[in-house]
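Secondary and tertiary structure notes
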Amino acid sequence: MKVTGIIAEYNPLHNGHRYQLQQARQTSQADVVIVCMSGNYVQRGEPAVLDKWTRAQLALAAGADMVVELPFASAVQPADRFATGAIDLLAQLGCQTVAFGSEEATFDYQTIGQKIAALPAQSAAFVDYQKTYATQLNEFYQQTLNLSIDQPNHLLGISYAVANARLAQPMQLVAIERQQAQHADQLIQTGVYASASAIRKVLAHTPVDLTTVQPVVPATTMAALTTQQGVQWSQLWPLLQYRINSTPLAELRQVYQMSEGLEYRFKKVITQVDSYEALLQALKTKRYTYARLQRVCLYVLLNIKDTAIQQTLEQPYVRLLGFNQVGQTYLHQLKKQLTWPLISKISAKLGAETGLLGLEVRVDRLFEQLTNTHQNFARQPLFYQGKDVE
């Protein structure tokens, strides 16, 4: 069977995502389309607007044959680590191709990925504290390869390409041109396409007016947004404020990615701000992007330490969220080839603090508290039959 993979957040799933699923299948002539999807927290350090089970259901309704979860340890990371975790997972699942959206669909990602992967490691040289790591990385690519990266999805596509080139058996990369809306567009224009950023901006308003969202999302997404209460950082702000105020400096220093004395800055500004947005602005310097700061805030809130991240990364697994009949057929074939554990149901042992999915269970408890829905225990993979999900 020809298998193509897609790396996604679907935060939330919109018409552009559905188009990408259709084009991925058509362009790669795939029999099976597998989506590797972030769980309840996404790459830029935010809670997903809908829980992972709802988003998996929407993905299956939009054309995916199987949905697996990208673990928190890879999902809430900078582009290069996010890409490595997702690419490794798709490779484990037997994908021959990887499809992704891009503002530069004609770009030769395969070749550039091979060239960058062959370069010596440079991260230790990026020590200009007046510039972000991403800026210094872009400058390095410009100097060494005459390569300029100025679009978010272009950067992510290159990150996929580099991670893919480092595989023993690299997959074929398929870039799909974004339609109408660009990745970071903040407004919903006329037409049927809008960025997820623009949709989330509407959802963040109180009260939420979904009339502008309806033309740019499938009916299934619209139904989910109508019936479910999304999770916003505004709900988490009081909890984060308490965590920063009550955590001793020495303990705060142990939080994942809390480096270069950033813990002192957290302690200093927390008494001067009254909102999450104000905290980010007070923390912002030329050294840190907002995305980096948002991730650190999430790590603080969830009390994420280096050891928890490393434990997950060193013991990879496949967490199945849902599938249809095609996905089920492929799954039977795949089981014989997998070298990672395949998780379809979480036991007490797997979900224990030191268990294989201990970190996932822990971070999802907050989501369960906010949405009043089980996220791990008592949940089994969804089986999509074309109309209803069982």
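Residues numbered from 1 in each chain as written. Predicted model: local features only at pLDDT ≥ 70, side-chain atom pairs only at ≥ 80, totals over all residues. Heavy atoms only, no water.

Moving on to the layout of surface pockets. Here the second largest pocket is characterised by a volume of approximately 280 Å³. As for the second largest pocket, its lining consists of 17 residues, of which Ser74, Gly85, Asp88, Thr312 and Leu313 are closest to the centre. Within the residue set of the lining of the second largest pocket, elements represented by two or more residues are α3 (72–75), α4 (79–92) and α15 (306–314). For the lining of the second largest pocket, the element with the most residues is α4, which contributes 5 residues. Residues of the lining of the second largest pocket, tallied by class, amount to 9 nonpolar, 6 polar and 2 charged. (1 Å grid on protein atoms, 1.4 Å probe; cavity = no way out; pocket = protein on both sides within 12 Å on 5 of 7 lines; lining within 4 Å. Points joined across faces, edges and corners; volume = space filled by probe spheres on them. Helix = DSSP H or I, 4+ residues; strand = E, 2+ residues; numbered from the N terminus. Nonpolar A, V, L, I, M, F, W, Y, C, P; charged D, E, K, R; others polar.)

Moving on to the pairing of strand β1 (residues 3–8). Of all 6 residues making up β1, 6 are buried, and the element is well covered by its neighbours. Burial of the side chains of β1 extends over both faces: Val3, Gly5 and Ile7 are buried on one face and Thr4, Ile6 and Ala8 on the other. Inspection of the sheet shows β1 paired to strand β2 (residues 32–38) by 6 bridges, in the parallel sense. Pairing of valine 3 across the sheet is with valine 32, part of β2. At this point the chain moves from β1, through helix α1 (residues 15–28), to the parallel β2, and the crossover so formed is right-handed. (Buried < 20%, exposed > 50% of the residue type's maximum accessible area, 1.4 Å probe, protein only. Pairing = 2+ DSSP bridges. Right-handed = clockwise from strand over helix to strand, strands pointing away.)

Right, let's talk about the state of the cysteines for a bit. In the structure shown here, the tally under the stated rule is 0 disulfides. The structure places no disulfide on cysteine 36, whose sulfur is separated from the nearest cysteine sulfur, that of cysteine 95, by 9.0 Å. Taking relative accessible area as the criterion, cysteine 36 reaches 1% and is therefore assigned buried. With a relative accessible area of 7%, cysteine 95 lands in the buried category. (Disulfide = S-S within 2.5 Å.)

With that out of the way, let us pick up the side chain of glutamate 360. With respect to the helices and strands, glutamate 360 occurs in helix α18 (residues 358–371). Of note is the side chain of glutamate 360, whose polar atom sits 3.4 Å from the side chain of tyrosine 317. Residues in contact with glutamate 360, not counting those within four places in the same chain, are Lys52, Glu69, Pro71, Phe72, Tyr317 and Asn376. (Polar contact = N/O pair within 3.5 Å; in protein donor to acceptor, adjacent residues only side chain to side chain. Contact = heavy atoms within 4.5 Å.)

In terms of burial, helix α2 (residues 52–61) is a largely internal element, 8 of the 10 residues being buried. Every buried residue belonging to α2 is among Lys52, Trp53, Thr54, Arg55, Ala56, Leu58, Ala59 and Leu60, and all of these are buried. Phi turns positive, to about 130°, at glycine 63, one or two residues after α2.

Let's shift gears to the environment of phenylalanine 107. For phenylalanine 107, the position within the fold is in the loop between β6 (97–102) and α5 (109–118). Judged by its relative accessible area of 21%, phenylalanine 107 falls in the partly exposed class. Sequence separation between phenylalanine 107 and serine 38 is 69 residues; the distance between their C-alpha atoms is 26 Å. Those residues within four positions of phenylalanine 107 in sequence are excluded, and the remaining contacts are Ile112, Leu147, His154 and Ile158.

Okay, the side chain of asparagine 40 next. By the element assignment, asparagine 40 lies in the loop between β2 and β3 (41–42). Side chain to side chain, asparagine 40 and glutamine 375 meet in a polar contact 3.1 Å long. Look past the residues within four positions of asparagine 40 in its chain and what remains in contact with it is Glu46, Pro47, Ala48, Asp51, Lys52, Arg55, Asp364, Phe367 and Gln375.

One finds Phe72, Leu240 and Leu279 to be the most contacted residues of the largest nonpolar core, which totals 84 residues. Excluding residues that lie within four positions of it along the chain, leucine 240 makes contacts with Trp233, Tyr276, Leu279, Cys297, Val300 and Leu301. Counting residues in each nonpolar core, the second largest holds 37 residues, with Tyr10, Ala59, Leu210 and Leu321 among its members. (Core = buried A, V, L, I, M, F, W, Y, C linked by side-chain atoms within 4.5 Å.)

To continue, consider empty space enclosed by the protein. Over the atoms rolls a probe the size of a water molecule, and in doing so it shows where empty space is left. One pass over the structure, following the stated rule, counts 1 cavity of 30 Å³ or more. The volume enclosed by the largest cavity comes to roughly 30 Å³. Together, Gly39, Asn40, Tyr41, Leu70, Pro71, Phe72, Ala75, Glu360 and Asp364 line the largest cavity. Within the residue set of the lining of the largest cavity, elements represented by two or more residues are α3 and α18. Residues of the lining of the largest cavity, tallied by class, amount to 5 nonpolar, 2 polar and 2 charged.

Judged by how many residues are buried, β6 sits mostly within the fold: 6 of 6 residues are covered. Every second residue of β6 is oriented toward a common face, with Thr97, Ala99 and Gly101 on one face and Val98, Phe100 and Ser102 on the other, all of them buried. Sheet topology places β1 next to β6; 3 bridges connect them, and they run parallel. Its bridge partner being in β6, isoleucine 6 is matched across the sheet by alanine 99. Relative to strand β7 (residues 172–177), β6 is paired through 6 bridges, and the arrangement is parallel. Residue pairing in the sheet places valine 98 in a bridge with leucine 173 of β7.

With respect to the helices and strands, the residue isoleucine 112 is situated in helix α5. Take isoleucine 112: its relative accessible area is 14%, and that puts it in the buried class. With 53 residues separating them in the primary sequence, isoleucine 112 and alanine 165 have C-alpha atoms 9.2 Å apart. Excluding residues that lie within four positions of it along the chain, isoleucine 112 makes contacts with Phe107 and Leu147.

Let's shift gears to the packing of aromatic side chains. Within the structure shown, the criterion is met by 10 aromatic pairs. Taken together, a centroid distance of 5.8 Å and an interplanar angle of 85° make the contact between tyrosine 41 and phenylalanine 367 edge-to-face. With tyrosine 41 in strand β3 and phenylalanine 367 in helix α18, this pair connects stretches of sequence that are 326 residues apart. Taking relative accessible area as the criterion, tyrosine 41 reaches 3% and is therefore assigned buried. Look at phenylalanine 367 and you get buried, because its relative accessible area is 1%. Ring geometry for phenylalanine 323 versus phenylalanine 383: centroids 5.7 Å apart, planes at 55°, classification tilted. Here the residue phenylalanine 323 occupies a position in strand β8 (residues 318–323), and phenylalanine 383 occupies one in strand β10 (residues 382–383), the gap between them amounting to 60 residues. With respect to class, phenylalanine 323 is no different from phenylalanine 383; both count as buried. One aromatic cluster is present, formed by Tyr41, Phe72, Tyr256, Tyr299 and Phe367 through successive ring pairs. Of note, lysine 284 hangs over the ring of tyrosine 290, and the distance from its end group to the ring centre comes to 5.6 Å. (Phe/Tyr/Trp six-rings, centres within 6.5 Å; stacked < 30°, edge-to-face > 60°. Lys NZ or Arg CZ within 6 Å of the ring centre and 35° of its normal.)

These results come straight from atomic positions and should not be treated as a statement about function.
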